[in-house]
Amino acid sequence: MIRAALRILLALFYAYAGYAHIARPEPFLAIMPEALPAPEAIVFWTGMAELLGAAALIQPFSEGLRKAGAIGLALYAVCVFPANINHFIMDMARADGGFGLAYHVPRMITQPVLVWLALWVGGVTDWPWRRRT
């Protein structure tokens, strides 16, 4: 029951984030590392990845599709981590400290939790609650 509720919550989170990437890309473009080519396309396609992952995670018909969506969202969270680090560095270098450590440190800690959570709610892993035989 908890897993299903968190799966719905995570799918809603990623659906909203995907919508935000497409509807209002400016904040995401602002934290994009400068070395990456075609930032507009990257933001658009990351939004699409979030929307597709959310749809796969929440659909009730195919366990395989749900697991594929979970793996995709976990990989997505790993791939966008450099943008989060870049945001942290850029923000902390501002004269006013930007959002500050109270925002960025929990965000950095949350990223690996999102990777695990996607895999757990998608049924890819049972760790750490799996019983050993």
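In the block above lies the structure referred to throughout.
Numbering of residues starts from 1 in every chain and runs along the sequence as written. In keeping with the predicted nature of the model, local features appear solely for residues at pLDDT of at least 70, side-chain atom pairs appear and are counted solely at 80 or more, and the whole-chain, interface and lining totals rest on all residues. Hydrogens and water molecules were not included; the side-chain quantities draw on all heavy atoms of the structure.

Novice: Residue-level account of the overall build of the protein, with values.
Specialist: A run of H or I in DSSP counts as a helix once it spans at least four residues, and a run of E counts as a strand once it spans at least two, with each numbered from the N terminus. What the protein contains, in helices and strands, is six helices and zero strands. Put simply, the protein runs from its N terminus to its C terminus through helices and strands in the order α-α-α-α-α-α. Any residue under 20% of the maximum accessible area for its type is buried, any over 50% is exposed, and the rest in between are partly exposed; the area is computed with a 1.4 Å probe on protein chains only. In the protein, which comprises 133 residues, the proportion classed as buried is 35%. Sequence-distant contacts, at least 24 apart, represent 62% of the contacts inside the protein between residues at least 6 apart. Summed over its atoms, the accessible surface of the protein is roughly 8400 Å², and 72% of this surface lies on carbon and sulfur atoms. Any two residues having at least one pair of non-hydrogen atoms within 4.5 Å are treated as being in contact. Note on areas: these come from Shrake-Rupley sampling with a 1.4 Å probe, and a residue is covered only by the protein chains present in the view.

Novice: Could you give an account of the pattern of salt bridges, naming the residues involved and the relevant values?
Specialist: Within this document, salt bridges are pairs made up of a side-chain nitrogen of Lys or Arg and a carboxyl oxygen of Asp or Glu, the two lying within 4 Å of each other. The tally for this structure, following the rule as stated, stands at four salt bridges. In this structure, Asp126 and Arg3 form a salt bridge, with 2.7 Å as the shortest nitrogen-oxygen distance. Here Arg3 lies in helix 1 (residues 2–23) and Asp126 lies in the segment after helix 6 (101–121), a separation of 123 residues in the sequence. Its salt-bridge partner being Arg94, residue Asp91 comes within 3.5 Å of it at the nearest N-O pair.

Novice: Now, about the packing of helix 1 against helix 6: what can you tell me, with residues and values included?
Specialist: Fitting a line to C-alpha atoms yields each axis, with helices limited to the stretch in contact; the angle taken between N-to-C directions then spans 0 to 180 degrees. Packing of helix 1 against helix 6 leaves a shortest axis separation of 9 Å and a crossing angle of 125°. Between helix 1 and helix 6, the angle is such that the two are oblique. The handedness of the crossing between helix 1 and helix 6 is left-handed. Of helix 6, the residues touching helix 1 (which contributes Ile2, Arg3, Leu6, Arg7, Leu10, Phe13 and Tyr14) are Leu114, Leu117, Ala118, Trp120 and Val121. Put simply, angles under 35 degrees are roughly parallel, angles over 145 are roughly antiparallel, angles from 65 to 115 are roughly perpendicular, and the rest are oblique. Should the near helix be turned counterclockwise from the far one by less than a right angle, the crossing is left-handed, whereas a clockwise turn marks it as right-handed.

Novice: Lay out the side chain of Gln59 in plain terms, naming residues and giving numbers.
Specialist: Inspection of the secondary structure assignment puts Gln59 in the loop between helix 3 (39–58) and helix 4 (63–79). A polar contact is formed between the side chain of Gln59 and the backbone nitrogen of Phe61, at a distance of 2.8 Å. Contacts of Gln59, omitting those with residues within four sequence positions, involve Arg7, Leu65 and Arg66. In the analysis that follows, any N or O atom pair within 3.5 Å is treated as a polar contact, provided that within protein one partner can donate a hydrogen and the other can accept it, and provided that, for residues neighboring in sequence, both atoms belong to side chains.

Novice: Quick rundown of the environment of Leu51? Include the residues and the values.
Specialist: Within the secondary structure layout, Leu51 lies in helix 3. As a C-alpha pair, Leu51 and His21 span 30 residues in sequence and 9.8 Å in three-dimensional space. Once residues lying within four places of it in the same chain are set aside, the contact partners of Leu51 are Tyr14, Ala15, Gly18, Tyr19 and Ile22.

Novice: I'd like to hear about the nonpolar core, residue by residue, with values.
Specialist: Within the largest apolar cluster, 17 residues are counted, with the highest numbers of intra-cluster contacts made by Leu10, Tyr14, Leu57, Leu73, Leu117, Ala118 and Val121. For this core, the secondary structure elements donating two or more residues are helix 1, helix 3, helix 4 and helix 6. Among residues more than four places away in sequence, those in contact with Leu73 are Tyr14, Ala49, Glu50, Gly53, Ala54, Leu57 and Ala118. As used here, the term nonpolar core means buried Ala, Val, Leu, Ile, Met, Phe, Trp, Tyr and Cys residues forming a set that is joined through side-chain atoms within 4.5 Å.

Novice: Any details on the environment of Asp91? Residues and values, ideally.
Specialist: By the element assignment, Asp91 lies in helix 5 (residues 81–93). For Asp91, a relative accessible area of 4% puts it in the buried group. In this structure, the C-alpha to C-alpha distance between Asp91 and Thr110, residues 19 residues apart in sequence, is 18 Å. Aside from chain neighbours lying at most four places away, what touches Asp91 is Gly97, Gly98, Phe99, Gly100 and His104.

Novice: Report on unusual backbone geometry, specifying residues and quantitative values.
Specialist: Here Ala38, not a glycine, exhibits a phi torsion of approximately 50°, which is positive. Mapping Ala38 onto the fold places it in the loop between helix 2 (26–30) and helix 3. We classify Ala38 as partly exposed; its relative accessible area is 47%.

Everything listed here is a matter of geometry and, on its own, says nothing about what the molecule does.
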